[in-house]
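The lines below spell out each chain.
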Amino acid sequence: MAKEGAHMTEETEFMINKNVCKENVESSSDAKEMRAVILSGFGGLNKLRVTKKAMPELQKGEVKIRVKACGLNFLDLMVRQGTIDNPPKPPLVPGFECCGIVESVAENTTGFEIGDRVMAFVNYSAWAEVVCTPVDFVYKMPDEMSFAEAAAFSLNFVTAYMMLFEVANLREGMSVLVHSAGGAVGQAVAQLCSTVPHVTVFGIASTSKHAAIKDSMTHLFDKNVDYTQEIKKISPEGVDIVLDSLCGENTGKGLSLLRPLGTYILYGASNMVTGETKSFFSFAKSWWQVEKVNPIKLYEENKVMAGFSLLNLLFKNGKCSLVKSVMDKLLCLYKQKKIRPVVDSLWALEEVKEAMQRIHDRVNIGKLILDFEKTPIPLMANDSTETSEAGEEEEEPEGDNDSKERMPFIH
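Residues numbered from 1 in each chain as written. Predicted model: local features only at pLDDT ≥ 70, side-chain atom pairs only at ≥ 80, totals over all residues. Heavy atoms only, no water.

## Looking at the packing of aromatic side chains
Thinking step 1. The final tally for this structure, using the stated rule, is seven aromatic pairs.
Thinking step 2. Ring geometry for F96 versus Y124: centroids 4.7 Å apart, planes at 55°, classification tilted. Taken together, the positions of F96 in the loop between α2 (74-81) and β4 (97-105) and Y124 in the loop between β5 (117-121) and β6 (130-134) put the pair 28 residues apart, joining distant regions of the chain. Here F96 and Y124 have matching classes, each one buried.
Thinking step 3. On the numbers, 6.3 Å between centres and 15° between planes, the contact of F202 with F221 is stacked. Taken together, the positions of F202 in strand β9 (residues 200-205) and F221 in strand β10 (residues 219-222) put the pair 19 residues apart, joining distant regions of the chain. (Phe/Tyr/Trp six-rings, centres within 6.5 Å; stacked < 30°, edge-to-face > 60°. Helix = DSSP H or I, 4+ residues; strand = E, 2+ residues; numbered from the N terminus. Buried < 20%, exposed > 50% of the residue type's maximum accessible area, 1.4 Å probe, protein only.)

Next comes the structure, spelled out in structure tokens:
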């Protein structure tokens, strides 16, 4: 029997014993249903529902995981709005990362046993009680890692590590500028930079977050001021690495701040998200603000411009072995207590709308987690409407408790 450390629950032990003895007990798992978040169509928060659906069937080369927690990212908000390229046709289950306990393993699939505590990448469908994903996307959790930490670890730390070390070749004495410094990737970047001697980190974030994250940054600036002039006062030659998750006008600013042989990396476009639903005006404005990149100018100024998408690297480019090697390095750093994911808050599955609103408001410091064992906070009395990001009240069908507001549960 595989172990889960001191934290093994009776439910987990029962599940393991049931699988070990499955040849003697008729299983009805295929007929079981599970809770899952369903996105019925692209748009606002009212497109999300928690409902029951059939459990996925294990395919060749896959691992079935009983999910304990999963990560919630800004990318998930963009998926909900339909602002990403070639999204799958709804209805769909969102989510790209989760953690939990191995419930079963496909025949002739090695490396994992029933009861293993694991974290995994999923090509959608992570926000469900049970997921099936190829074994190449699954990683064992350290005994000392909690499920909340595991759900906050994979996507953010692998993204931060690969941008810094695989793309930009971070070395001793270099300088890094990171946008959204209070977010999960921003905090991962800061921690990884601290593992290299004498790296200067310039962070850009809302002033309201400065007190909480000031110790993780060398210099911190408000996102609404002209940070380019402030940075040049400290470092007249600019910086070696720019990590941009915003796009828009920040692209030109980032390129202008690069030193010779510096690297600008675009890994997101959150400036395109303004209101509750997809806005073509926001898209047009953001792209209009992007400085047209002239390859001749890059050549003359000895600058590098790059893009990075971890999910495309995994699911489209097939770089599973490379990501696995990076995960191994990151888990070593975690065991050495050199890095640790920052968890902003835990939310029950039924609180996914409120959690997504918090991401939209950009007030989180670190990662938001959907915790499958958390009980939802009771609905507020006499409240039958939901406030959208645009500040308008949306009437929901009578009797739909998911439409009522809850008080947030913040750690």
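More follows now that the structure is in view.
## So, helix α7 (residues 227-234)
Since the α-helix turns once every 3.6 residues, residues separated by three or four places project in the same direction.
Thinking step 1. When we look at burial in α7, the residues that qualify are Y227, T228 and I231. End-on view of α7: buried residues confined to an arc of 100°, all on one side of the axis.
Thinking step 2. Taken together, the buried residues of α7 touch β8 (175-178), β9, β10, β11 (239-244) and α8 (249-257). (Arc of directions from axis to C-beta. Contact = heavy atoms within 4.5 Å.)

## Topic: unusual backbone geometry
Thinking step 1. Cis peptide bonds are those with omega within 30 degrees of zero, and the linkage from P90 to P91 qualifies with 5°.
Thinking step 2. Examined against the element boundaries, P91 turns out to sit in the loop between α2 and β4.
Thinking step 3. The backbone of Y124 shows a phi angle near 75°, a positive value even though the residue is not glycine.
Thinking step 4. Of note, L261 is a non-glycine position whose phi angle comes to about 70°, a positive value.
Thinking step 5. Tracing the backbone through its elements, the reader meets L261 in strand β12 (residues 258-266).
Thinking step 6. By relative accessible area, L261 is classed as exposed at 70%.

## A closer look at empty space enclosed by the protein
Thinking step 1. Within this structure, the stated rule accounts for one cavity of 30 Å³ or more.
Thinking step 2. If you go around the largest cavity, the residues you meet are A152, N156, F157, A184, Q187, A188, Q191, R340, P341, V342 and K367.
Thinking step 3. Listing elements by their share of the lining of the largest cavity, those giving two or more residues are α4 (154-167) and α5 (184-193).
Thinking step 4. Taken together, the residues that form the lining of the largest cavity break down as six nonpolar, three polar and two charged. (1 Å grid on protein atoms, 1.4 Å probe; cavity = no way out; pocket = protein on both sides within 12 Å on 5 of 7 lines; lining within 4 Å. Points joined across faces, edges and corners; volume = space filled by probe spheres on them. Nonpolar A, V, L, I, M, F, W, Y, C, P; charged D, E, K, R; others polar.)

## Quick word on the packing of α7 against α8
Thinking step 1. Look at α7 against α8: their axes get within 10 Å of each other, and the N-to-C directions meet at 10°. Classified by the angle their axes make, α7 and α8 are roughly parallel. Crossing handedness for the pair α7 and α8: right-handed. Residue-level inspection shows Y227, T228, I231 and K232 of α7 in contact with α8, the latter providing N250, K253, S256 and L257.
Thinking step 2. Residue composition of the contact of α7 with α8, grouped by class: three nonpolar, three polar and two charged. (Axes fitted to C-alpha atoms, helices over the stretch in contact; angles between N-to-C directions. Parallel < 35°, antiparallel > 145°, perpendicular 65-115°, else oblique. Left-handed = near helix turned anticlockwise from the far one by under 90°.)

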